[in-house]
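One letter stands for each residue in the lines below.
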Amino acid sequence: MHILLVEDEPELAEALKSALQRDHHVVDLADTFGLAREAALHGAHELILLDRTLPDGDGLALIPLLRARNCLVPVIVLSALGGLPDRVEGLDEGADDYLGKPFALEELFARIRAVGRRPSGIQEESIRAGDLLFDPMTGEATVRGERLELPRREIRVLTVLTRRLGRTVLRESIEMAVYGFDDGIHSNTLDSHVSRLRRKLADADAGVEIHAIRGVGYLMRERT
Ligand code: CA
């Protein structure tokens, strides 16, 4: 998933970011309310992990601001303000879940999965394309039961392309989903991720092809 992590405590932020990346998520980090607002309104995140006590305000205020703009991205609040009234306030403001600090990573991951299982949330069915079966939540890709070994970025590319199977996806949209804001994007890195993914799909005889649309982006379609 593409996650926006709003956290101003540098050590916690880095630790969480690494843990989420190991779980094959792409993470953008925002350490102030202002940056979080900009990132949330302009990014394409699938989940926001939201701290409350930020140097320039209460993170909770971000939720009504997003909902007013029809942005329904799920939000899990992670806060030292973990008392009952705080949690009630958070859920009433529209948070999907609220976890008091300190918390165990296992519990955070379980809650991320739980938010994902809700019908209105981020859960998606596995996607079938040709002989490829892909689960965007777990990143698992199989071809006729055989698992493809894909690193994180290739999983992200595959997520974006399978979701829009048969349609051209703009290069910028793919880059936004594949790289965090603080990763340098080099235009030929995306091409090399796509080439490796394409080769793996071809080697596995997955029955799907990735076409480059010159100057525009990429298109995945089932082989006919
Ligand atoms: Ca804080």
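Preceding this section is the structure that the text describes.
The rules behind the values
- Residues numbered from 1 in each chain as written.
- Predicted model: local features only at pLDDT ≥ 70, side-chain atom pairs only at ≥ 80, totals over all residues.
- Heavy atoms only, no water.
- Core = buried A, V, L, I, M, F, W, Y, C linked by side-chain atoms within 4.5 Å.
- Buried < 20%, exposed > 50% of the residue type's maximum accessible area, 1.4 Å probe, protein only.
- Helix = DSSP H or I, 4+ residues; strand = E, 2+ residues; numbered from the N terminus.
- Contact = heavy atoms within 4.5 Å.
- Donors = N, O, S within 2.8 Å, 3.2 Å for Na, K, Ca; no water.
- Pairing = 2+ DSSP bridges.
- Axes fitted to C-alpha atoms, helices over the stretch in contact; angles between N-to-C directions.
- Salt bridge = Lys/Arg side-chain N within 4 Å of Asp/Glu carboxyl O.

Undergrad: Can you lay out the nonpolar core for me, pointing to particular residues and giving the numbers?
TA: Within the largest apolar cluster, 27 residues are counted, with the highest numbers of intra-cluster contacts made by L132, I174 and L201. When residues of this core are traced back to their parent elements, those giving at least two are strand 9 (132–135), strand 10 (140–143), helix 6 (152–163), helix 7 (171–178), helix 8 (187–203), strand 13 (208–213) and strand 14 (217–222). It is helix 6 that provides the largest number of residues to this core, a total of 5 residues. Setting aside anything within four residues of it in sequence, one finds I174 in contact with V157, V160, L161, V169, L190 and Y218. Ranked by size, the runner-up nonpolar core spans 19 residues in total, among them V6, A36, L62 and I63.

Undergrad: Residue-level account of the coordination of the calcium ion, with values.
TA: Donor atoms from the polypeptide that bind the calcium ion are D8 (OD), D51 (OD), T53 (O) and T53 (OG1), placed at 2.2 to 3.1 Å. Expressed as a motif, the donor residue spacing for the calcium ion is D-x42-D-x1-T. Taken as a pair, D8 in the loop between strand 1 (2–6) and helix 1 (10–22) and T53 in strand 4 (residues 53–54) lie far apart in primary sequence, 45 residues in all. A residue is classified by how much of its surface remains accessible, and T53, at 46% relative accessible area, is partly exposed.

Undergrad: Can you tell me about the pairing of strand 14, naming the residues and giving the values?
TA: Judged from the 3 bridges that link them, strand 12 (residues 168–170) and strand 14 form a sheet pairing that is antiparallel. Opposite T168, over in strand 14, you have L219 as the bridge partner. Here 6 bridges tie strand 13 to strand 14, and the two strands are oriented antiparallel to one another. Each residue of the ladder has a partner; that of E209, found in strand 14, is R221.

Undergrad: With reference to specific residues and values, describe the sheet that holds strand 8 (residues 127–129).
TA: Reading across the sheet, the 4 strands line up as 8-9-10-11 and stay open at both edges, with antiparallel pairing between neighbours. The open sheet is flanked by strand 8 and strand 11 (146–147), the only strands paired with a single partner. The pairing of strand 10 with strand 11 spans 2 bridges and is classified as antiparallel. Counterpart to V143 in the pairing with strand 11 is E146. Contacting strand 8, strand 9 and strand 10, helix 6 crosses the sheet at an angle of about 110 degrees to strand 9.

Undergrad: Which residues make up the pattern of salt bridges, and what values do they have?
TA: Close approach of charged atoms allows side chains of opposite charge to pair. Under the definition given, this model contains 16 salt bridges. Measuring nitrogen to oxygen at the nearest pair gives 3.3 Å for the salt bridge that ties E89 to R52. Taken together, the residues span a long stretch of sequence, with E89 in helix 4 (residues 84–92) and R52 in the loop between strand 3 (47–50) and strand 4 at a distance of 37 residues. Accessibility expressed as a relative area gives 37% for E89, which makes it partly exposed. Its relative accessible area of 3% is what places R52 among the buried residues.

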